[in-house]
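# Observations on chain architecture
The residues making up each chain are set out below.
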Amino acid sequence: MVVTLPPDYRPSEDEEFMNALQQEYFRQKLLRWRGELLREAGVTLNSLSAGGISEPDLTDRASVETDRALELRTRDRARKLISKIDQALDRISNGAYGFCEETFEPIGLRRLEARPIATLSIEAQERHERMEKVHRDD
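## Points about the overall build of the protein chain
A count of helices and strands for the protein chain gives four helices and zero strands. Traced from its N-terminal end to its C-terminal end, the protein chain shows the element sequence α-α-α-α. Judged by the C-alpha coordinates and their principal axes, the protein chain covers about 65 × 50 × 25 Å. Among the 138 residues that make up the protein chain, the fraction classed as buried is 27%. Counting only contacts in the protein chain whose residues sit at least 6 apart along the sequence, the fraction spanning at least 24 positions is 50%. On the protein chain, roughly 9,700 Å² of surface is accessible, and the fraction owed to carbon and sulfur atoms is 52%. Each charge class in the protein chain was averaged separately, 22 positive and 27 negative side chains, and the resulting centres sit 3 Å apart.

This is the structure in structure tokens:
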């Protein structure tokens with residue numbers, strides 16, 4: 001089934017949660033985000049493959065190497081984020097998107113707007129973070 005979003009569509013609490021329009025809205029949002037990350041990765045790849053470091057000054061060379069290392073860490077984070085976006089897209093296709101993995105309750109539109117890859121409700125996320133803190137402090 002093909003769903004066409006009105007250009008000014010925004011999910012609303014007045015609608016049935018995760019109806020076809022909401023699913024399509026978040027699918028498009030995730031695809032745009034994924035596309036931006038892939039474009040940025042392409043720019044990074046082009047700049048890194050442009051050649052070796054040709055700075056004669058050791059300080060300049062160290063600065064360039066530090067910048068490259070930072071860019072590679074950023075790209076690694078983006079790679080992990082793309083994986084989470086792909087998982088969210090899979091959840092949309094199988095009907096699980098928008099529902100907490102622990103409680104199976106709706107995550108909430110505001111949380112999904114802010115973090116479309118969210119898999120836990122705010123309450124479940126807070127419980128998870130408290131448990132991490134308790135175990136980390138041991």
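## So, helix H2 (residues 58-94)
Owing to its 3.6 residues per turn, the α-helix brings residues three or four apart onto one side. Given a rise of 1.5 Å per residue, 37 residues ought to cover 54 Å, and the 54 Å separating the end C-alpha atoms of H2 matches this to within 8%. Listing the buried residues of H2 in full gives Arg 75, Ala 78, Leu 81, Ile 82, Ile 85, Ala 88, Leu 89, Arg 91 and Ile 92. At the exit of H2 stands Gly 95, carrying a positive phi of roughly 85°.

## Considering a negative patch on the surface
A cluster of acidic side chains, namely Glu 123, Glu 126, Glu 129 and Glu 132, defines a negative patch on the protein surface. With respect to the helices and strands, Glu 132 occurs in helix H4 (residues 122-137). The exposure class of Glu 132 is partly exposed, given its relative accessible area of 40%.

Reading the values: rules and limits
Residues numbered from 1 in each chain as written. Predicted model: local features only at pLDDT ≥ 70, side-chain atom pairs only at ≥ 80, totals over all residues. Heavy atoms only, no water. Helix = DSSP H or I, 4+ residues; strand = E, 2+ residues; numbered from the N terminus. Buried < 20%, exposed > 50% of the residue type's maximum accessible area, 1.4 Å probe, protein only. Contact = heavy atoms within 4.5 Å. Areas by Shrake-Rupley, 256 points an atom, 1.4 Å probe, with all protein chains shown as cover. Lys, Arg positive; Asp, Glu negative; His and termini not counted. Charge placed at Lys NZ, Arg CZ, Asp CG, Glu CD. Expected span 1.5 Å × (residues − 1). Patch = residues over 30% accessible without salt bridge, like charges linked within 9 Å, V, L, I, M, F, W, Y side chains within 5 Å. Salt bridge = Lys/Arg side-chain N within 4 Å of Asp/Glu carboxyl O.

Geometric descriptors of this kind do not, in isolation, establish any biological role.
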